[in-house]
Amino acid sequence: QVQLVESGGGLVQHGGSLRLSCAASGRTISTYNMGWFRQAPGKEREFVAAVRRSRTISYADSVKGRFTISSDNAKNTVYLQMNSLKPEDTAVYYCAAGVAFAIVSATQYDYWGQGTQVTVSS
């Protein structure tokens, strides 16, 4: 079992940057696929980015070229660097861990953090 704690959210202007962190405890992140999801008010939780156990990385089309997912096994932490932020990126961002092959579906993840709010002003 793994526990996940996100941090780094906040209020930023359109075009700004934030870096989210997801600190894991209990088990090493290298044994999981690690994903970032987000959920805006009134919308379903959507896939943002993930790094597989094999180290391959996937991004949602909406964030390609702007967001970068990375991991530091020594710190047992996953990051999401978000650049060129837009108002439509406003959401609660969640970190998740799982072992299923399908990494873009929230239902395929077993462990979730509590989320961190990201608000992008126009």
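A short tour of the structure in this document, coming up. All residue numbers refer to positions counted from 1 along the written sequence of the respective chain. Local features in this predicted model are restricted to residues whose pLDDT is 70 or higher, and side-chain atom pairs enter the listing and the counts only when it is 80 or higher, whereas totals over whole chains, interfaces and linings include all residues. With hydrogens and water stripped out, all remaining heavy atoms of the structure feed into the side-chain values.

For the rest of this paragraph, the subject is the pattern of salt bridges. The salt bridge criterion pairs a side-chain nitrogen of Lys or Arg with a carboxyl oxygen of Asp or Glu, the two atoms within 4 Å. In total, this model carries four salt bridges according to the counting rule given. E46 is the partner of R38 in a salt bridge, and the nearest nitrogen-oxygen pair spans 2.6 Å. Burial classes follow relative accessibility: with a 1.4 Å probe on protein chains only, a residue under 20% of its type's maximum area counts as buried, one over 50% as exposed, and anything between as partly exposed. Using a relative accessible area of 36% as the deciding quantity, one classes E46 as partly exposed. We note a salt bridge from D89 to R66, for which the minimum N-O separation is 2.7 Å. Of this pair, D89 sits in the loop between β8 (77–82) and β9 (91–98) while R66 sits in the loop between β6 (57–59) and β7 (67–72), and the two are 23 residues apart along the sequence. Across this residue pair, the class does not change: D89 and R66 are buried. In DSSP terms, a helix is any run of H or I states spanning at least four residues, a strand is any run of E spanning at least two, and both are numbered starting from the N terminus.

Turning to the sheet that holds strand β3 (residues 18–25), a few remarks are in order. Strand order in the open sheet made by the four strands is β1-β3-β8-β7, with antiparallel pairing throughout. Single-partner strands in this sheet number two, and they are β1 (3–7) and β7. Geometrically, the sheet is characterised by an average inter-axis angle of 15° between neighbouring strands, direction not taken into account. Pairs of strands are assigned from DSSP output, requiring at least two bridges between the strands. The convention used is that axes are lines fitted to C-alpha atoms, helices contributing only their stretch in contact, and that angles between N-to-C directions extend from 0 to 180 degrees.

Tracing the backbone through its elements, the reader meets A49 in strand β5 (residues 46–51). On the accessibility criterion, A49 (0% relative accessible area) is buried. When the C-alpha atoms of A49 and A97 are compared, they prove to be 12 Å apart, with 48 residues separating the residues in sequence. Any two residues whose heavy atoms approach within 4.5 Å at even a single point are treated as in contact. With residues up to four places along the chain from it excluded, the contact list for A49 reads M34, G35, W36, S58, Y59, I69 and L80.

The next subject is the pairing of β1. Here β1 shows a buried face lined by L4 and E6 and an unburied face lined by Q3, V5 and S7. With five bridges joining them, β1 and β3 adopt antiparallel strand pairing. Paired with Q3 across the bridge in β3 is S25.

Let us look at the pairing of β9. Counting buried residues along β9, seven of its eight residues qualify, which places the element largely inside the surrounding structure. Of the pairings in the sheet, the one linking strand β4 (residues 33–39) to β9 comprises seven bridges and is antiparallel in character. By the bridge assignment for β9, G35 is matched with A96. Two elements, β9 and strand β11 (residues 116–121), share three bridges in a ladder whose sense is antiparallel. What sits directly across from Y93, in β11, is T116. Strand direction decides the pairing type here: β9 and strand β10 (residues 111–112), joined by two bridges, are antiparallel. Residue pairing in the sheet places A97 in a bridge with Y111 of β10.

Take the nonpolar core next. Membership of the largest hydrophobic core comes to 35 residues, with the highest contact counts inside it found for M34, W36, L80, M82 and Y93. Secondary structure elements with two or more residues in this core: β3, β4, β5, β7, β8, β9 and β11. Among buried residues, the Ala, Val, Leu, Ile, Met, Phe, Trp, Tyr and Cys ones that are joined through side-chain atoms within 4.5 Å form a nonpolar core.

Attention now moves to the packing of aromatic side chains. Two aromatic rings are characterised by how far apart their centres lie and by the angle between their planes. Stacked, tilted and edge-to-face are the three classes applied to pairs of Phe, Tyr and Trp rings, where Trp contributes its six-membered ring and a pair requires centres within 6.5 Å; stacked means planes under 30 degrees apart, edge-to-face means over 60, and tilted covers the rest. Enumeration according to the criterion identifies six aromatic pairs in this entry. Relative to Y109, the ring of F37 has its centre 5.1 Å away and its plane inclined at 80°; by these criteria the two rings are edge-to-face. With F37 in strand β4 and Y109 in the loop between β9 and β10, this pair connects stretches of sequence that are 72 residues apart. Overall, F37 belongs to the buried group, its relative accessible area being 0%. Using a relative accessible area of 7% as the deciding quantity, one classes Y109 as buried. Through a chain of ring-to-ring contacts, three or more aromatic side chains come together here, namely F37, F47, Y94, Y109 and W112. Only Lys NZ and Arg CZ are tested; either one counts as a charge over a ring when it is within 6 Å of the ring centre and within 35 degrees of the ring normal. Taking the ring centre of F101 as reference, the NZ or CZ of R52 above it sits at 4.4 Å.

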